[in-house]
Amino acid sequence: MGGSLHKQLRAIWHRAVMLLQSSLEPVTPRKILVTGGAGYIGSHTVRLLLRQGHDVTVVDNLSKGYRHNVPAGRLHEIDLSDTAALTRLMKAKQCDAVIHFAAFIAVGESMREPARYFTNNVAGSLSLLDAMVQAGVKHIVFSSTAAVYGNPHTSPILETFPIQAVNPYGESKVMVETLLGWFDQIHRLTSVCLRYFNASGADPEAALGEEHEPETHLIPLALRAVQTGKPITIFGGDYTTPDGTCIRDYIHVNDLAQAHILAVEYLLNGGPSDQFNVGTGAGSSVLEMIRAVEEVTGKKVPYVVGPRREGDPPSLVANSQKLRDRLGWSPQYADLRTIVAHAWKFAEKQK
Ligand code: UFG
């Protein structure tokens, strides 16, 4: 009880210091190592970090990411399992902090190949943490997920909800959150776990966007249906939601990226380890999303309603008040049409 009050007071103190600093000082350039910086969310974060004057080193094995997503001279093709190479790089670059994205992300695939998910996501993270300890890097922002909550009974979801992943992907993130707790206790390595809801949209200038292979996400698939005329399948129209389709909290990738940068600053200013949801707090159904795509593109989205997809909770909406209160975050692109418009601009550019 005393410990938790002490933790809360420390967090309030650090927030006050951060607010004061942000109003008085220009941004201090930081040396940040970004794993998975060639992927979707990683590359947007790298772009924003560079724009804000930070020095960025990217580590990616290019198993999912793309070389073209990383500005020249910043990419180091290293696998997370190579602890020695990571240690050497962090020492050479004198990194202040790590932002750790590199991971497999497909829920369905994780149900078929759990070992690959645990090896890549958990063992890979452990190797990275080991390297951080050896290199003396003391802060990490970790890419976690709403999937750690499994199928919550109510929504919006708070960080205090039970952690009960329902697939190996979500469980791999829970395991890394657990590892981070031990590394803090034993090595004083502080961490922020950002539990993302549905990352979406693209760089407003369309320099970057979503390029998963295969693509499984709703917005790029709906845009592709507009481009090709081939219908998208809505996974289930019989959920206990107002229009029968699943509700998700779509968060613009740049708003997500900004949350990472604020989290790094928070840790470098001495903030204690913590976990935060990142979402807008507004839920949209699959049909609402299809309507938004139609409005933005000016074209009909061809679709069919199919059976439910295994493992899809009816509704996942974030309560992100903690992130707003403690880190001073607020989304700039919360409007669904803006998210879709940015994704559309990128999709059209790819044709
Ligand atoms: N959907 C369809 N048809 C499709 C694709 C998706 O109806 O062809 C529906 C899904 O059933 C779901 C919604 O659109 O209701 C969003 O689906 P996505 O596949 O775009 O995203 P998910 O909500 O399944 O998963 C995302 C991330 C996960 C993360 C999760 C956390 O991809 O990594 O959010 O909320 F764990």
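Structural data are supplied above this passage.
My aim in this report is to walk through the structure given alongside it, one point at a time. Quick caveat, the model's predicted, so the values are computed rather than measured.

## Some words on the side chain of Asn277
Stage number 1. Tracing the backbone through its elements, the reader meets Asn277 in strand β11 (residues 274–278).
Stage number 2. On the basis of relative accessibility, which here comes to 0%, the residue Asn277 falls in the buried class.
Stage number 3. A distance of 2.7 Å separates polar atoms of two side chains, one belonging to Asn277 and the other to Tyr149.

## A closer look at the packing of aromatic side chains
Stage number 1. Tallied over the entire structure, the rule returns two aromatic pairs.
Stage number 2. Ring geometry for Tyr266 and Phe276: centres 6.2 Å apart, planes at 90°, overall edge-to-face. Pair noted here: Tyr266 is in helix α8 (residues 253–268) and Phe276 is in strand β11, with a separation of ten residues, a long-range link. Phe276 matches Tyr266 in its accessibility class, with the two residues each being buried.
Stage number 3. For the cation-ring pair, Lys64 lies above Phe104, with the distance from its terminal atom to the ring centre recorded as 5.4 Å.
Stage number 4. Positioned over the ring face of Phe276 is Lys322, at 5.1 Å from the centre of the ring.

## Topic: the sheet that holds strand β9 (residues 247–248)
Stage number 1. Strand order in the open sheet formed by three strands is β12-β9-β14, with mixed pairing between adjacent strands. With one partner strand each, in any of the chains shown, β12 (284–285) and β14 (315–316) form the two edges of the open sheet.
Stage number 2. For β9 and β14, the ladder comprises two bridges, and the chain directions are parallel. If you follow Ile247 over to β14, its bridge partner there is Ser315.

## Here we look at the packing of helix α7 (residues 218–228) against helix α11 (residues 336–350)
Stage number 1. The interhelical angle for the contact between α7 and α11, taken along N-to-C directions, is 55°, at an axis separation of 10 Å. Relative to α11, the element α7 is oriented oblique. When you trace α7 past α11, the crossing you get is right-handed. Two secondary-structure elements touch here, α7 through Ile219, Leu223, Val226 and Gln227 and α11 through Ile339, Val340, Ala343, Trp344, Ala347 and Glu348.
Stage number 2. Looking at side-chain class alone, the contact of α7 with α11 contains eight nonpolar, one polar and one charged residues.

## What to know about the site of the ligand
Stage number 1. The full set close to the ligand counts 21 residues, and His217, Thr233, Arg248, Arg309 and Asp312 are the nearest of them.
Stage number 2. Between the ligand and Ile105 there is a distance of 3.4 Å, counted from an oxygen atom to a backbone nitrogen or oxygen.
Stage number 3. Between the ligand and the protein, one listed contact pairs an oxygen atom with a backbone N or O atom of Leu218 at 2.9 Å.
Stage number 4. Contact with the protein chains covers 91% of the free accessible surface of the ligand, which is 680 Å².
Stage number 5. By residue number, the principal contributor to the shell around the ligand is strand β8 (residues 232–235), which donates four residues.

Scoring rules and cut-offs
- Residues numbered from 1 in each chain as written.
- Predicted model: local features only at pLDDT ≥ 70, side-chain atom pairs only at ≥ 80, totals over all residues.
- Heavy atoms only, no water.
- Helix = DSSP H or I, 4+ residues; strand = E, 2+ residues; numbered from the N terminus.
- Buried < 20%, exposed > 50% of the residue type's maximum accessible area, 1.4 Å probe, protein only.
- Polar contact = N/O pair within 3.5 Å; in protein donor to acceptor, adjacent residues only side chain to side chain.
- Phe/Tyr/Trp six-rings, centres within 6.5 Å; stacked < 30°, edge-to-face > 60°.
- Lys NZ or Arg CZ within 6 Å of the ring centre and 35° of its normal.
- Pairing = 2+ DSSP bridges.
- Axes fitted to C-alpha atoms, helices over the stretch in contact; angles between N-to-C directions.
- Parallel < 35°, antiparallel > 145°, perpendicular 65-115°, else oblique.
- Left-handed = near helix turned anticlockwise from the far one by under 90°.
- Contact = heavy atoms within 4.5 Å.
- Nonpolar A, V, L, I, M, F, W, Y, C, P; charged D, E, K, R; others polar.
- Near = heavy atom within 4 Å.
- Areas by Shrake-Rupley, 256 points an atom, 1.4 Å probe, with all protein chains shown as cover.

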